[in-house]
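Descriptive structure summary
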Amino acid sequence: MRIICIDDEELVLNLTVSLCRELPMKPETLGFERAREALLWLETHTADIAIMDINMPDMNGIILAAKMKKLRPDISIIFLTGYSEYALDAFALHASGYIMKPVGQERLLAEIQYALSHERRAEPHAHIEAHTFGDFDLIVDGVSVHFSRSKAKELLAYLIDRHGKKVTRANVFAVLYEDRQYDHSMQKQLDVIIRSLRDTLRKYGIDDIFELNRGYMRVCPEKIHCDMYRFMNGDMDVINSYRGEYMSAYSWATITEAFMEQYVYKQNEL
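The structure contained in this document is the topic of the report that follows. (Residues numbered from 1 in each chain as written. Predicted model: local features only at pLDDT ≥ 70, side-chain atom pairs only at ≥ 80, totals over all residues. Heavy atoms only, no water.)

Quick word on the sheet that holds strand S8 (residues 143-144)
Read from one edge to the other, the open sheet built from four strands follows the order S8-S7-S6-S12, with strand pairing classed as mixed. Two strands close off the open sheet at either side, each with one partner strand: S8 and strand S12 (225-226). Note: strand S6 (residues 128-131) against strand S7 (residues 137-140), four bridges, orientation antiparallel. Bridging from a neighbouring strand, Glu129 pairs with Ile139 of S7. (Pairing = 2+ DSSP bridges. Helix = DSSP H or I, 4+ residues; strand = E, 2+ residues; numbered from the N terminus.)

Concerning empty space enclosed by the protein
Taken as a whole and judged by the stated rule, the model has one cavity of 30 Å³ or more. By volume, the largest cavity amounts to about 40 Å³. Every residue lining the largest cavity is listed: Cys5, Ile6, Asp7, Val12, Leu13, Thr16, Ile51, Met52, Asp53 and Leu80. Secondary structure elements with two or more residues in the lining of the largest cavity: strand S1 (2-6), helix H1 (10-21) and strand S3 (49-52). No other element matches H1, which puts three residues into the lining of the largest cavity. (1 Å grid on protein atoms, 1.4 Å probe; cavity = no way out; pocket = protein on both sides within 12 Å on 5 of 7 lines; lining within 4 Å. Points joined across faces, edges and corners; volume = space filled by probe spheres on them.)

Side note on the nonpolar core
If you look at the biggest cluster of nonpolar residues, it comprises 46 residues, and the most contacted ones within it are Phe136, Leu138, Leu155, Leu156, Ile160 and Met247. When residues of this core are assigned to their parent elements, the largest contribution, seven residues, is made by helix H6 (residues 150-161). With residues near it in sequence (within four places) discarded, Leu156 still touches Phe136, Leu138, Phe147, Leu197, Leu201, Ile209 and Val219. Of all hydrophobic cores here, the second largest spans 22 residues; its members include Phe32, Ala35, Ile62 and Phe79. (Core = buried A, V, L, I, M, F, W, Y, C linked by side-chain atoms within 4.5 Å. Buried < 20%, exposed > 50% of the residue type's maximum accessible area, 1.4 Å probe, protein only. Contact = heavy atoms within 4.5 Å.)

Quick look at the packing of aromatic side chains
This model, assessed by the stated rule, comprises eight aromatic pairs. Ring geometry for Phe32 against Trp41: centres 5.8 Å apart, planes inclined by 50 degrees, an arrangement best described as tilted. In this pair, the class of Phe32 matches that of Trp41, namely buried. Both rings, one in Phe133 and one in Tyr242, keep their centres 5.0 Å apart while their planes meet at 65 degrees; by these two values the pair is edge-to-face. With Phe133 in the loop between S6 and S7 and Tyr242 in the loop between helix H10 (236-241) and helix H11 (254-269), this residue pair connects regions lying 109 residues apart in the sequence. Grouped by ring-pair contacts, the aromatic residues Phe133, Phe231 and Tyr242 constitute a single cluster. It is Lys151 that lies over the ring of Tyr177; its NZ or CZ is 5.0 Å from the centre. (Phe/Tyr/Trp six-rings, centres within 6.5 Å; stacked < 30°, edge-to-face > 60°. Lys NZ or Arg CZ within 6 Å of the ring centre and 35° of its normal.)

What to know about the environment of Ser196
Here Ser196 lies in helix H8 (residues 184-203). For the pair Ser196 and Ser148, spaced 48 residues apart in sequence, the C-alpha separation works out to 7.4 Å. Not counting the four nearest positions on each side in its chain, Ser196 is found in contact with Ser148, Arg149 and Ala152.

Re unusual backbone geometry
Positive phi values are uncommon outside glycine, yet Asp141 reaches one of about 50 degrees. Among the structural elements, Asp141 can be located in the loop between S7 and S8.

As for the packing of helix H2 (residues 35-42) against helix H3 (residues 61-71)
Between H2 and H3, whose axes approach to 10 Å, the crossing angle comes to 5 degrees. As summarised for this structure, H2 and H3 are arranged roughly parallel, according to the angle between their axes. Of the residues in H3, those in contact with Ala35, Ala38, Leu39 and Leu42 of H2 are Leu64, Lys67, Met68 and Leu71. (Axes fitted to C-alpha atoms, helices over the stretch in contact; angles between N-to-C directions. Parallel < 35°, antiparallel > 145°, perpendicular 65-115°, else oblique.)

Things to note about the side chain of Thr132
In this structure, Thr132 sits in the loop between S6 and S7. Looking at Thr132, its side chain comes within polar contact range of the side chain of Asp227, at 2.6 Å. Setting aside its immediate chain neighbours within four residues, Thr132 contacts Ile160, Cys226, Asp227, Met228, Glu245, Tyr246 and Met247. (Polar contact = N/O pair within 3.5 Å; in protein donor to acceptor, adjacent residues only side chain to side chain.)

Rendered as structure tokens:
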């Protein structure tokens, strides 16, 4: 295992490198005082984990982490900093850890073990993936689905949020169009949206995830690998990866988002 440490403060860098080298797994550990030096090194070498500061003179740690992820997508990032206000930005990059200075070996070991265990448990891409943390996205065999109509995408997002429950056309209309009147013209408009959704799913060969029968519609959750479903099933890896944003583009998603935030809060109290 190889770890690289980046910090412009020499004393902190030397301490972090020393703590890493004394870990039970005895990793190969290298230290860099300049972010650009670490990035240049990573162009021709690999590392399992990068432990880095955020406030550095030649390059912000958030930017450095993004560049590292582009070079080495599998590298785990652990931020070691004296500033708590960057936590949301850090986790938006799917950082494995965020440690406040000063750090002790016990905390450092725990973060590294978590990063390694998360890497070992990483699952291969499922055939159909629904990403609901942050913005909604549907992935089929690693490719993001393109929806010709934004309302068709929102309709699918809402059905996924309902976790397989049947919903009526009137209920769907109220969600998609809020205060608009459900008259004959708008019923025809909803028909267009439903047809657009079915055509898109058929194009990607996944139309079997959507059911429409006698005015009711639903998705088949058992056919979709979804982060929210895993969250609700108590998957701690997914729960720990949740950063407070759920289907951000849709106002109706705030109900589920509030439930998830309350669940995380209770977990943190235990």
